[in-house]
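# Remarks on the overall topology
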Amino acid sequence: MAKTAEPKTTAAKTATAGAKPARGTRTAAETEKIRVALIERRDELKAEHDQTMLEIHELQQHRLTDSAGDDQADTGTKTGEREQEITIANNLADRILQVERALERLDGGGYGWCEKCGNPIPVERLAAFPSATLCVTCKQLEERR
């Protein structure tokens, strides 16, 4: 069976290599559509981040005034909640940076191309995760490590 699978794999690689599109084949309209979608996503994430930071600030103010009589369990619970809120805010900030990096790659002509192997990132992957920097194969290899 391995002999049968090998020619198919070789044929698939040859067909893929021959069909590999050149960088920069995206039209100006397609590029602008992607840019608008990324900017909208960045703005949504920034608004969510700002709201989260405001809530964190308000909760911290409330905790400072409402901590009299807390025992160790109350203090531990409040600390855990605060750490969780900060983690959410940091994750949002990371996602904002990913989108901004995608915008930079779009301007530089590298958007939609794997940063490891240089192959095009499938449109389906970009639709699901617009700030993807790796193709599916390279991402799977990275996650295994």
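As the structure is a computational prediction, the values presented were derived from the model and not from experiment.

A few words on the overall build of the chain. A tally of regular secondary structure across the chain gives five helices and zero strands. Ordered by position from N to C terminus, the α and β elements of the chain give α-α-α-α-α. In the chain, which comprises 145 residues, the proportion classed as buried is 22%. Long-range contacts, defined here as pairs at least 24 residues apart, represent 59% of the contacts in the chain between residues at least 6 apart. Working note: accessible area of the chain is about 10,300 Å², and carbon and sulfur atoms make up 55% of it.

For the structure shown, the criterion picks out eight salt bridges. Measuring nitrogen to oxygen at the nearest pair gives 3.4 Å for the salt bridge that ties Arg 35 to Glu 32. Taken together, the residues span about one helical turn, with Arg 35 and Glu 32 both in helix H2 (residues 28-65) at a distance of three residues. Residue classification places Glu 32 among the partly exposed positions, given a relative accessible area of 42%. We note a salt bridge from Glu 44 to Arg 41, for which the minimum N-O separation is 3.2 Å. With a gap of three residues between them, Glu 44 and Arg 41 both fall in helix H2, about one helical turn apart. A relative accessible area of 31% places Arg 41 in the partly exposed class.

About the cut-offs
- Residues numbered from 1 in each chain as written.
- Predicted model: local features only at pLDDT ≥ 70, side-chain atom pairs only at ≥ 80, totals over all residues.
- Heavy atoms only, no water.
- Helix = DSSP H or I, 4+ residues; strand = E, 2+ residues; numbered from the N terminus.
- Buried < 20%, exposed > 50% of the residue type's maximum accessible area, 1.4 Å probe, protein only.
- Contact = heavy atoms within 4.5 Å.
- Areas by Shrake-Rupley, 256 points an atom, 1.4 Å probe, with all protein chains shown as cover.
- Salt bridge = Lys/Arg side-chain N within 4 Å of Asp/Glu carboxyl O.

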